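What follows is each chain in one-letter form.
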Amino acid sequence: MRSKKKQSIGQRAKGKDNFLRRVFFLTLYALCTLHFALCSDSHADVLDRIVAIVNKEVVLQSEYQKALNTARKSDVNISEARVLDEMINRILLLEQAKRLRPGNSSNKAADDDALVKEYIEKRIKSSIHVPIEEIEAFYTNNTERFSGKEFLEVKDEIEDILVVGKLRLKLLEHIKELRDNAYIRVRLSAGPDLP
Amino acid sequence: MINIYCDINHSKWRHSRESGNPEKYRGKILAFILLLTSYFLLPIYTYASDSDKVIRAIEVEGLHRIDKKELIELIDLRVGRIFDEDELAIGIKRAFRKGIFYDIQAVSGPYDGGTKLKYVVKEIPLIKKIVMDGNKKVSVRDIKKVIPYKEGDDFREEYLNKAKTDLLNHYGRKGFPSAEVTISAEQTDKPAEVHLNIQINEGPPLIINTVDIAADLRWYFKVSEGDIFDKDAVDLQIKNLKEYLKSENYFNPVAGPYEFRDGVLVVPVNKGQRLEMSFIGNYAVSAKDLKKEVPFFEDGEVTDEAVQEALDRMKSVYLGEGYYYAQVAAGKRTEDEVIKLDFIIFEGKKVFLKKIEFEGTSISSEAVKSIIPLTGGKPYNDNLLAASRDSVLRFYNALGYIKTDIKEIEKDFQEDGSQLLLKFIIAEGPQTKIEGIQFEGNRDIGSSEIENALQLKKGSPYNLVDIGDARYRIISLYNSKGYMDARVEVESRVEEDKAFITFKVTENRPSVIGKIIISGNRQTKAKIIEREFTVTEGDTYNYEDILTTKQRLYKLGIFNEVSVSVLETEKTEDGKLVRDMLVSLKEGNPGSVEISLGYGDYERFRSSLGINYNNLGGYHRQVGLKGDFSAVKERYTFSFKEPWLFNQRDLLFTALLIKEKTRSVNLDTRDVLYKIDRTGMLLGIEKVIKKEWRATLNYEYSFVDTKDVEPGVILSREDSGTIGIGSATPSLFYDTRDDPFDPTRGSLHGIVVKFASKALLSETEFIKGTVQSSWFFPVIKRVVFAFSLRGGAAYSYDTIQELPLVERFFLGGRTTVRGYSNDTLGPKGADDSPTGGNIFALGNLEFRIALGKGFGLVTFMDAGNVWQLLQDVRMKLKYTSGAGLRYKTPIGPISLDYGHKMNRDRGETSGELHFSFGHAF
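The structure displayed is predicted, hence computed values, not measured ones.

## Concerning the overall build of chain B
Regarding its fold elements, chain B presents 16 helices and 39 strands. The buried share among the 921 residues of chain B stands at 43%. For chain B, long-range pairs separated by at least 24 residues make up 57% of all intrachain contacts whose partners lie at least 6 apart in sequence. When the accessible surface of chain B is split by element, carbon and sulfur atoms take 53% of a total near 47400 Å².

This is the structure in structure tokens:
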């Protein structure tokens, strides 16, 4: 019994040794992998890069990522391409706005937004005219929406609705024109080398 | 990791308890694992800490177009500083402004206890060459005009489709609808450089077999059967055809749109109605001139409105000529396809403006008259009356009479209505003067400093133009001190005849220069551009400095365009906005060919041909090869210039290799007096000291072969045969002339000393000095008085006192003593040939009178002579006087002078005529 017990203790000890050896080599392997993953140049972190060139401006990956994160807070399904497209459109509009208002020295995003808004108001919205016939037609076709209110009561409201619709169309048209005449290069991932 | 550690300890504990194996063995393993863990975990721990953000190294990969240092400077993350991702983003954007990158990627990794940054860039390649193949009917030049690529430009792959479409469209227009085009870029053996290959298969052209057009117009439509159907050519012919029909009085011809099908070109033409105009009663203005006033051919119709417009314009023409009473009427009728317009004109008398008077003015009438476009004594132009009225009002307003009114302009016709007395009846009103000037909002610049810059004082007439200028001066003052966003508003308050002005200043924050980004320099090295900058990082923005920098860059002659823009604010330091400055450049062609032709009485026809390249290796070094040819000279020069020797501003180094054959001839007989063949080199430095001072030091070595010398000319043994002359020539000049080619004021003074010595490898030894002092004074308008004194002396150390022929002084000719022909003054040899001498003195005096339209007149007096040796100086001076004509050109005036000898010797001619370029001095 004793010898059996001794043998069993010896076997168990040997088994423990093997276990320790396995732990040792596994640990060594894990540490090596971690070390090379963190220290090796071949796996260096990309800190930033250019993802889009829009005439003389660029969109950086950091900016794009920030915009994507913000956009996905309100719409989780928004595509990467759409976010980048919106950034490009904003650059094009801002470029036009600055051309009309040179001397704006700030680079604060809030100021830029105000400038773009002002540009849209003055350059695009101001040219929109809604004829009275169109307002009347809208009123006639949507009487239930205005729950028996007189035309004159809702005229301004209808005009605003129609202006917003027209503005959207005009803005899209304007952006298309700007994009057609712009130099735009997009590389969301690092693209192939040039010939 | 902690779990692993606990587990190991736990096993060890159990193992030691259960197995009873020596602790030593397990301890070793444990210790080893611990050590290993520490070794591997240490960098991980370190990387997670703050210290890992310290930048330990920066590498750059993929950069070929600029220096690595320039990119690192632009991104502006430095070794030793803590990495900041916002700064990196700003840096990448800044570097992108260079305009040579598609992508700048920043990657990092742990390095030496910190971070190593690597910038991996993808550059925009340059197009080295555009190679075309397969184009037979469309020229290379045409294709290059069509595609959006040029040799030497950036290759942007995004334009490839556009290039292909544009080229196919062009081929379509040129009659090759089935053309095929392939455009591809091929990397050259240099990085960031491509060849653009354009493969063209033109395909069969469309051929015009028949031209279907009205028979009477076929002659004027220059497209033939058998031609390729070139739409551009057809469009041009249709345009020409319309012009022809209009010249035949068809005022609205319609040609086209044409059709081309199965080889048949159909061009429909509708001539439309014809217009016949007749003019009756016009004597002072021709029918041709009156026809120019009709708008029918531009409008394409003859409406009643257009007829009225024609009448108004014609009347205006008559008024302009002084026909105040002129009346024009028109009669219109239509017969078949012809519209007939008869213009009936009553010209009346021509009216002259006898006198212009002003009533009610306290200002001199002459002063008011000088500012109105109407002029007394000339035909009266009624068209100018309104403009005259406005001019008077503006004039009064400028003097502070802001309430001035012109009550009436009386027209008093005299002498049967042919003379007009024009009287402006003016109510001047009070003169408003500035009583007070105030400044508000200025904190950093004191009111007294602004007041000094203002040029507007209390008591000055109140005038909006002056006030506007003053406002601009305040803005300029602020701009010069870096306040680029300063705004100034003006508030004026007028009380009776007193005005109170307040300039409301919004200073905003001053700006300093951040990084200076240079873009567009494809060949020129950045340091060549940077050394011309008068501003540097951290300087306050100042428009004048920026302008100076621009001027210096233009002056290099390398750039066609230089623009400086201030970029948006990136950061603020010490309350100042730090803004990057972008210097955008467009390089011109560094190579040039120079050809000139001319004529001079001595040289006869002369010409020169030069090839220069002024940006060798991108270092603004200049090389050139030039040949000058005339009847008396043949000269080849190879030159090299380094404008910044030892990187020193305005220290010019010049190296010349010269091969020259000169003949000295007798101007009258054209007999050769001697010939000199010279092969030499010159190394020189020139330093501009301040603006007016210039010093040079040259070393020259020449082999001079003097041959075919008239015996009488020979004075020394070196006057014939070959001699090597090595010399050093220091010189100093002081030049304040306003224009070196045609000065009107200022002066030029210089001293040049030439040493030839055996120490300088010379076979002969001498010292030779010349001095010059020239002055230019504007006497009255268009008249300049100029005088010059020049002199020189030489001394030979050799056994013979006379210098070699090539080094001796000669006088006479178009730039010295103009009564004598070239080099004929001074001592003569046995055969009466001029020998030249060791000493000369020369004085010139001129009145230069500008006659207008580039022509000028000159009267002059010259005095001078050459003496063989110092002891001969007692010989008298030779005087000449004369006159000449000048015609201005960009490289100085063309001159024709006649000089008359005032104390001529027996046998000498009375004077000489000289034709050449440039002034005498």
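## Observations regarding the overall build of chain A
Secondary structure assignment for chain A yields six helices and four strands. Burial statistics for chain A: of 195 residues in total, 33% are counted as buried. Partitioning the intrachain contacts of chain A with sequence separation of at least 6 by distance along the chain shows that 54% fall at a separation of at least 24. Here chain A displays about 12700 Å² of accessible surface, and carbon together with sulfur accounts for 55% of that area.

## Details of the packing of helix α2 (residues 61-74) of chain A against helix α3 (residues 80-100) of chain A
In a packed pair of helices, the relevant descriptors are the angle between the two axes and the axis-to-axis distance. All names here are of chain A. Running from N to C, α2 and α3 point in directions that differ by 115°, and their axes come no closer than 10 Å. One finds that α2 runs roughly perpendicular with respect to α3. In terms of crossing hand, the pair formed by α2 and α3 is right-handed. Every residue of α3 that contacts α2 at E63, Y64, A67, L68, A71 and R72 is listed here: E80, V83, L84 and M87. Its residues placed into classes, the contact of α2 with α3 shows seven nonpolar, no polar and three charged.

## What about the packing of aromatic side chains?
Two aromatic rings, taken as a pair, are described by how far apart their centres are and by the angle between their planes. All names here are of chain B. Counted by the stated rule, this structure contains 32 aromatic pairs over all chains. Ring geometry for F809 and F840: centres 4.9 Å apart, planes at 55°, overall tilted. Residue F809 is located in the loop between β34 (783-796) and β35 (839-852), and its partner F840 is located in strand β35; the two are separated by 31 residues in the primary sequence. Here the basic side chain of R274 rests over the ring of Y250, its NZ or CZ set 5.9 Å away from the ring centre. A cation sits over an aromatic face here: R818 above F860, 3.8 Å from the ring centre.

## Topic: unusual backbone geometry
Residue and element names in this part refer to chain B. Following G256, the chain continues to P257 via a peptide bond in cis, the omega torsion being 0°. Relative to the elements of secondary structure, P257 occurs in the loop between β8 (254-255) and β9 (259-261). Notably, K690 is not glycine yet its phi reads approximately 55°, a positive angle. Its location among the elements puts K690 in the loop between β29 (672-689) and β30 (693-707). Here D708, not a glycine, exhibits a phi torsion of approximately 50°, which is positive. With respect to the helices, strands and loops of the structure, D708 is situated in the loop between β30 and β31 (721-735).

## Things to note about the environment of B:S788
Tracing the sequence through the fold places B:S788 in strand β34. At a separation of 3.0 Å, a polar atom in the side chain of B:S788 contacts the side chain of B:S774.

## Examining the sheet that holds strand β14 (residues 338-346) of chain B
Residue and element names in this part refer to chain B. One open sheet accounts for three strands, arranged β12-β14-β13; its pairing is mixed. Two strands bound the open sheet, and with one partner strand each, they are β12 (274-280) and β13 (327-335). Taken over all neighbouring pairs, the strand axes of this sheet differ in orientation by 15° on average, direction set aside. Of the pairings in the sheet, the one linking β12 to β14 comprises seven bridges and is parallel in character. Residue pairing across strands places F279 opposite F343, the latter belonging to β14. Together, β12, β13 and β14 form the strand contacts of helix α10 (residues 304-320), whose direction differs from that of β13 by roughly 150°.

## Thoughts on the nonpolar core
In a soluble, globular protein the nonpolar side chains are often hidden away together inside. All names here are of chain A. In terms of nonpolar packing, the biggest core is built from 37 residues, with V59, Y64, L84, L93 and I158 touching the most fellow members. Those elements that place two or more of their residues in this core are β2 (50-54), α2, α3, α4 (109-124), α5 (132-141) and α6 (151-180). Ranked by residues supplied to this core, first place goes to α3 with nine residues. Ignoring anything within four residues of it in the chain, the contact list for I158 reads I135, F138, Y139 and F146.

## A short note on the packing of helix α13 (residues 447-454) of chain B against helix α14 (residues 464-480) of chain B
Residue and element names in this part refer to chain B. With their axes 9 Å apart at the nearest point, α13 and α14 run at an angle of 125° to one another. Judged by the angle between their axes, α13 and α14 are oblique. The way α13 lies across α14 gives a crossing that is right-handed. Mapping the contact onto sequence places E449, I450, A453 and L454 in α13 and A470, R473, I474, L477 and Y478 in α14. By residue class, the composition of the contact of α13 with α14 is seven nonpolar, no polar and two charged.

## Let's talk about the environment of B:K781
Tracing the backbone shows B:K781 in the loop between β33 (766-780) and β34. Residues B:K781 and B:I849, 68 residues apart in the sequence, show an inter-C-alpha distance of 9.0 Å.

## Things to note about the sheet that holds strand β1 (residues 45-48) of chain A
Read across the open sheet, the four strands follow the order β1(A)-β2(B)-β3(B)-β1(B); overall the sheet is mixed. Here the strands that pair on one side only, and so sit at the sheet edges, are β1 of chain A together with β1 (55-61) of chain B. Neighbour-to-neighbour, the strand axes of the sheet open up by a mean angle of 30°, direction not taken into account. Strands in contact with helix α4 (residues 85-96) of chain B are β1 of chain A together with β2 (101-111) and β3 (114-123) of chain B; relative to β2(B), the strand with the most contacts, it is inclined by about 145°.

## Let's talk about the pattern of salt bridges
Residue and element names in this part refer to chain B. Counted according to the given criterion, the structure contains 73 salt bridges over all chains. For E87, the salt bridge identified is with R81, shortest N-O distance 3.3 Å. Classification of R81 by relative accessible area gives partly exposed; the value is 32%. Across the pair K481 and E449 runs a salt bridge, and its minimum N-O distance is 3.1 Å.

## Regarding a negative patch on the surface
A cluster of like negative charges, contributed by B:E298, B:D299, B:E301 and B:E305, occupies part of the molecular surface. Here B:E305 lies in helix α10.

## Observations regarding the confidence of the model for chain B
Residues and elements named next belong to chain B. Counting all residues, the mean pLDDT for chain B is 89, and 93% of those residues have values of 70 or more. When mean pLDDT is compared element by element in chain B, strand β32 (residues 746-756) scores highest at 97, while helix α1 (residues 2-18) scores lowest at 37. When the criterion is pLDDT under 50, residues 1-20 qualifies, and its contacts beyond four places in sequence or with other chains add up to 26 contacts. Contacts for the low-pLDDT stretch residues 42-48, under 50 throughout, to residues beyond four places or in other chains number twelve contacts.

## Brief notes about a nonpolar patch on the surface
Residue and element names in this part refer to chain B. The grouping of Y599, F605, L851, F855, L857, L885, Y887, L896, Y898, L913 and F915 at the surface amounts to a nonpolar patch, some 1000 Å² of accessible area in total. Residue assignment for the nonpolar patch shows that the elements contributing at least two residues are β36 (855-867), β37 (878-887), β38 (894-901) and β39 (911-917). Along the chain, F605 turns up in strand β25 (residues 604-616).

## Notes on the side chain of B:S639
Residues and elements named next belong to chain B. Structurally, the position occupied by S639 is in strand β27 (residues 633-642). With a relative accessible area of 17%, S639 lands in the buried category. Look past the residues within four positions of S639 in its chain and what remains in contact with it is Q622, V623, G624, A655 and L656.

Rules of the game
- Residues numbered from 1 in each chain as written.
- Chains lettered and ligands numbered in written order.
- Predicted model: local features only at pLDDT ≥ 70, side-chain atom pairs only at ≥ 80, totals over all residues.
- Heavy atoms only, no water.
- Helix = DSSP H or I, 4+ residues; strand = E, 2+ residues; numbered from the N terminus.
- Buried < 20%, exposed > 50% of the residue type's maximum accessible area, 1.4 Å probe, protein only.
- Contact = heavy atoms within 4.5 Å.
- Areas by Shrake-Rupley, 256 points an atom, 1.4 Å probe, with all protein chains shown as cover.
- Axes fitted to C-alpha atoms, helices over the stretch in contact; angles between N-to-C directions.
- Parallel < 35°, antiparallel > 145°, perpendicular 65-115°, else oblique.
- Left-handed = near helix turned anticlockwise from the far one by under 90°.
- Nonpolar A, V, L, I, M, F, W, Y, C, P; charged D, E, K, R; others polar.
- Phe/Tyr/Trp six-rings, centres within 6.5 Å; stacked < 30°, edge-to-face > 60°.
- Lys NZ or Arg CZ within 6 Å of the ring centre and 35° of its normal.
- Polar contact = N/O pair within 3.5 Å; in protein donor to acceptor, adjacent residues only side chain to side chain.
- Pairing = 2+ DSSP bridges.
- Core = buried A, V, L, I, M, F, W, Y, C linked by side-chain atoms within 4.5 Å.
- Salt bridge = Lys/Arg side-chain N within 4 Å of Asp/Glu carboxyl O.
- Patch = residues over 30% accessible without salt bridge, like charges linked within 9 Å, V, L, I, M, F, W, Y side chains within 5 Å.
- Lys, Arg positive; Asp, Glu negative; His and termini not counted.
- Charge placed at Lys NZ, Arg CZ, Asp CG, Glu CD.
- pLDDT = per-residue confidence, 0-100.

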